[in-house]
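Structural overview
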Amino acid sequence: MTPPSDPAAPGSAALFARARAVTPGGVNSPVRAFQAVGGTPRFIESARGAFLRDVDGTEYVDLVCSWGPVLLGHAHPAVQEAVAAAVARGTSYGTPTRPEVELAEEIVDRTPVDQVRLVSSGTEATMSAIRLARGFTGRDLIVKFAGCYHGHVDSLLAAAGSGLATFAVPGTPGVPAASTAATMVLPYNDRAAVERVFAEHGDEIACLVTEASPGNMGVVPPLPGFNGFLADICARHGALFVSDEVMTGFRVARSGQWGLDGAREGWRPDLLTFGKVMGGGFPAAAFGGRADVMGMLSPDGPVYQAGTLSGNPVATTAGLATLRAATDAVYAHIDRAAGLLAEEVDKALAEAGVPHVVQAGGNMFSVFLFDDPVEAVRDFATASAQNLDRYAAFFHAMLGQGIYLPPSAFEAWFLSSAHDDQVLDRVVAALPVAARAAAAVPPRGEA
Ligand SMILES: Cc1ncc(COP(=O)(O)O)c(C=O)c1O
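Structural notes, computed from the coordinates. None of these values were measured; they are calculated from a predicted model.

As a further point, take the pairing of strand 8 (residues 183-186). Here strand 8 shows no split at all, with T183 and V185 on one side and M184 and L186 on the other all buried. Pairing geometry for strand 5 (residues 141-145) and strand 8, over 4 bridges, is parallel. Bridge pairing links I142 to T183 in strand 8.

Spatial ordering of the open sheet is given by 4-12-11-10-9-5-8, a layout of 7 strands whose pairing is mixed. In this open sheet, the two strands that pair with only one neighbour each are strand 4 (115-119) and strand 8. Taking the axes of each pair of neighbouring strands and ignoring which way they run, one obtains an average angle of 20 degrees across the sheet. Its contacts with the sheet put helix 3 (residues 98-110) on strand 4, strand 11 (271-274) and strand 12 (285-289), and the angle it makes with strand 4 is roughly 130 degrees.

Moving on to the sheet that holds strand 1 (residues 44-48). Read from one edge of the open sheet, 4 strands run 1-2-3-15, paired in mixed fashion. The open sheet has two free edges, formed respectively by strand 1 and strand 15 (403-404), since each of these has just one partner strand. With 2 bridges connecting them, strand 3 (residues 59-62) and strand 15 associate as parallel partners. Residue V61 lies in a different strand from strand 15, and its bridge partner there is I403. Along the sheet, helix 15 (residues 421-439) makes contact with strand 2 (51-54), strand 3 and strand 15, crossing strand 3 at roughly 100 degrees.

By definition, a disulfide is the covalent link that joins the sulfur atoms of two cysteine residues. Under the counting rule described, the total for this entry stands at 0 disulfides. Of all cysteine sulfurs, the one in C207 lies closest to C148, which takes part in no disulfide; the gap is 13 Å. For C148, a relative accessible area of 5% gives the class buried.

Let's shift gears to the side chain of N387. Mapped onto the fold, N387 is located in the loop between helix 13 (380-383) and helix 14 (388-400). Since its relative accessible area comes to 1%, N387 is described here as buried.

Bringing helix 15 into the picture now. The terminal C-alpha atoms of helix 15 lie 27 Å apart, and with 19 residues this matches the ideal 27 Å at 1.5 Å per residue to within 8%. Along helix 15, the helix axis deviates most sharply at L431, where the bend reaches about 35 degrees; the proline P432 sits within four residues downstream. Among the residues making up helix 15, those that are buried are V423, L424, V427, A430, L431, A434, A435 and A438.

Right, let's get into the pairing of strand 12. Across the 5 residues that make up strand 12, a large majority, 5, are buried. Taking every second residue as pointing to the same face, both faces of strand 12 are buried, with A285, F287 and G289 on one and A286 and G288 on the other. Sheet analysis places strand 4 next to strand 12, joined by 5 bridges and oriented antiparallel. From the neighbouring strand, V116 faces strand 12, where its bridge partner is G288. In the sheet, strand 11 pairs with strand 12 via 4 bridges, with the strands oriented antiparallel. Counterpart to L271 in the pairing with strand 12 is G289.

Attention shifts here to the nonpolar core. By size, the foremost hydrophobic cluster in this structure holds 71 residues, and its most contacted members are I107, Y391 and F394. If you tally residues by element for this core, the top one is helix 12 (residues 328-352), at 10 residues. In contact with Y391, other than residues within four places in its own chain, are V37, V367, L369, L405, P406, S408, A409 and W413. Judged by nonpolar contacts, the second largest core, of 32 residues, contains M184, V197, A383 and F410.

In the vicinity of the ligand, the residues found are S121, G122, T123, Y149, H150, G151, E211, N216, D244, V246, M247 and K276. The side chain of D244 places a nitrogen or oxygen atom 2.7 Å from a nitrogen atom of the ligand. K276 is positioned with one of its side-chain polar atoms (N or O) 3.0 Å from an oxygen atom of the ligand. Look at the ligand: alone it shows 390 Å² of surface, and the protein chains cover 81% of it. Split by residue class, the shell around the ligand holds 3 nonpolar, 6 polar and 3 charged.

Thresholds applied
Residues numbered from 1 in each chain as written. Predicted model: local features only at pLDDT ≥ 70, side-chain atom pairs only at ≥ 80, totals over all residues. Heavy atoms only, no water. Buried < 20%, exposed > 50% of the residue type's maximum accessible area, 1.4 Å probe, protein only. Helix = DSSP H or I, 4+ residues; strand = E, 2+ residues; numbered from the N terminus. Pairing = 2+ DSSP bridges. Axes fitted to C-alpha atoms, helices over the stretch in contact; angles between N-to-C directions. Contact = heavy atoms within 4.5 Å. Disulfide = S-S within 2.5 Å. Expected span 1.5 Å × (residues − 1). Bend = angle between axes of the 7 residues up to and from the residue. Core = buried A, V, L, I, M, F, W, Y, C linked by side-chain atoms within 4.5 Å. Near = heavy atom within 4 Å. Polar contact = N/O pair within 3.5 Å; in protein donor to acceptor, adjacent residues only side chain to side chain. Areas by Shrake-Rupley, 256 points an atom, 1.4 Å probe, with all protein chains shown as cover. Nonpolar A, V, L, I, M, F, W, Y, C, P; charged D, E, K, R; others polar.

Shown next, in the form of structure tokens:
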């Protein structure tokens, strides 16, 4: 199929046509294809600070930040210098190295994990954490929440079955029913559903896995006390509480989402998963937790896990340089910028008369555009009631004004320490046009 030509981005359109000939959908990760919003994905040639530049030379304020990793802005000098020096020393040895020890120490210092194992992607981290939880407990069942994404792990690509306490069905072709038969999918933020499942299956559950503060159904933060409740109910039933901080880790705070709730409330997950920011823009991720649980991992224990490029010296150097530069001032800056921007988005949509919810979890936020007023989005069912055509119109109106938003309504907006007041002003100036474009889309049923 020939992709539509795009007069605004002829270079991207031409590359997209070539890409589609040799790569399914023309992309190496589906959301990049713009299928949720239509049009031509921008092929980016370079990035600096808060800006992306595409192959046509058009510049965009970047509110995706590589889907989270870019905490310090693109091409941060400290990260670049550290990476250049690392590359000059060779790129992979297949042996233990100093930077991986130092990165692990930094993670142990910031988070409640006793020990950590480095891997190459968030998917690998959650997959390995689940294997470890099953190995440690000797149980098979997993509990997860609808709308939480944990990477493309077979057992977690699960959709809720016909009833709440029933087992899940595969969420995609290619996942055997056997892989999701031991997974249960519950509505997010629903304590009663969690209590029911533990009452019925408590002594069979290996772990409950949740995004520490979900960003993959749009931003739907945990209700106050919800994560602590999950930690407690897992502990009471001998199940492990696995908090997925791949997105939130080292982004929403120095110690991730746990720094915003668990550290203050006095509980900790048994296992945590990390990725994105800790790789400094390179493929690096991790899982870690209680020493007795991590001690089950090979080579000390019987649960097998390995990786040729795990703890790669360039990736760990980039991650370490990023975390060392991620000071309290960086988090304070991003918190303020995200707060201001979320407020302006809310204002512009209200002025245009678009029923909407702008919702934040720490310094991540997102916007939900509806046909009718909705008070808050607490779960995936409510998030799914959005009018996605309204978001597509909003997205393209922003893109046309040089603002690059997530090309899907089910994603978080990310900022960096390079998003200064001048950059924010540019985004704010574009909002009224985009809000009016969203308002011009008729409610579904009237279209
Ligand atoms: C919360 C969460 N967990 C896991 C993953 C998977 O990470 P990766 O894409 O590095 O495999 C993601 C990716 O977006 C994520 O947001």
